[in-house]
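# Fold and geometry: a report
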Amino acid sequence: AQGFRTAAISENPHVQLATGFGQGFELFLGKPLWQSDFAWMLEQARVVMGAVRASGEPLFLYVHALDPHDPY
């Protein structure tokens, strides 16, 4: 409502469209199961930011990585 584009990228299988976390996001990209792949997430974030940067619109980008949890 405030003019922001919204996107989310998640590796966490509990933070996915199927579990309701896509609400309010125009774009939601997720990796199924426990497929931690930070390089994939970084590339997706670069693509999203590049596309929105070209439009000049503000962006809210949520990135949920699993890597900080490993090996805990």
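Preceding this section is the structure that the text describes.
Residues numbered from 1 in each chain as written. Predicted model: local features only at pLDDT ≥ 70, side-chain atom pairs only at ≥ 80, totals over all residues. Heavy atoms only, no water.

### Digging into the sheet that holds strand β1 (residues 5-10)
- With parallel pairing, the three strands of this open sheet are ordered in space as β2-β1-β3. Of all strands in the sheet, those bounded by a partner on one side alone are β2 (27-30) and β3 (59-64). Each strand axis lies, on average, 10 degrees off the axis of its neighbour in the sheet, ignoring direction.
- Judged from the four bridges that link them, β1 and β2 form a sheet pairing that is parallel. By the bridge assignment, I9 is partnered in β2 with L29.
- The sheet strands contacting helix α1 (residues 38-55) are β1, β2 and β3, and the helix crosses β3 at an angle near 175 degrees. (Pairing = 2+ DSSP bridges. Helix = DSSP H or I, 4+ residues; strand = E, 2+ residues; numbered from the N terminus. Axes fitted to C-alpha atoms, helices over the stretch in contact; angles between N-to-C directions. Contact = heavy atoms within 4.5 Å.)

### Side note on the side chain of H64
- The topology assignment puts H64 in strand β3.
- Engagement of the side chain of H64 in a polar contact is seen with the side chain of Y62, the distance being 2.7 Å.
- With residues up to four places along the chain from it excluded, the contact list for H64 reads I9, S10, E11, N12, V15 and M41. (Polar contact = N/O pair within 3.5 Å; in protein donor to acceptor, adjacent residues only side chain to side chain.)

### Some remarks on the packing of aromatic side chains
- What the rule picks out here adds up to three aromatic pairs.
- An aromatic cluster of at least three residues, connected via ring pairs, comprises F25, F28, F60 and Y62. (Phe/Tyr/Trp six-rings, centres within 6.5 Å; stacked < 30°, edge-to-face > 60°.)

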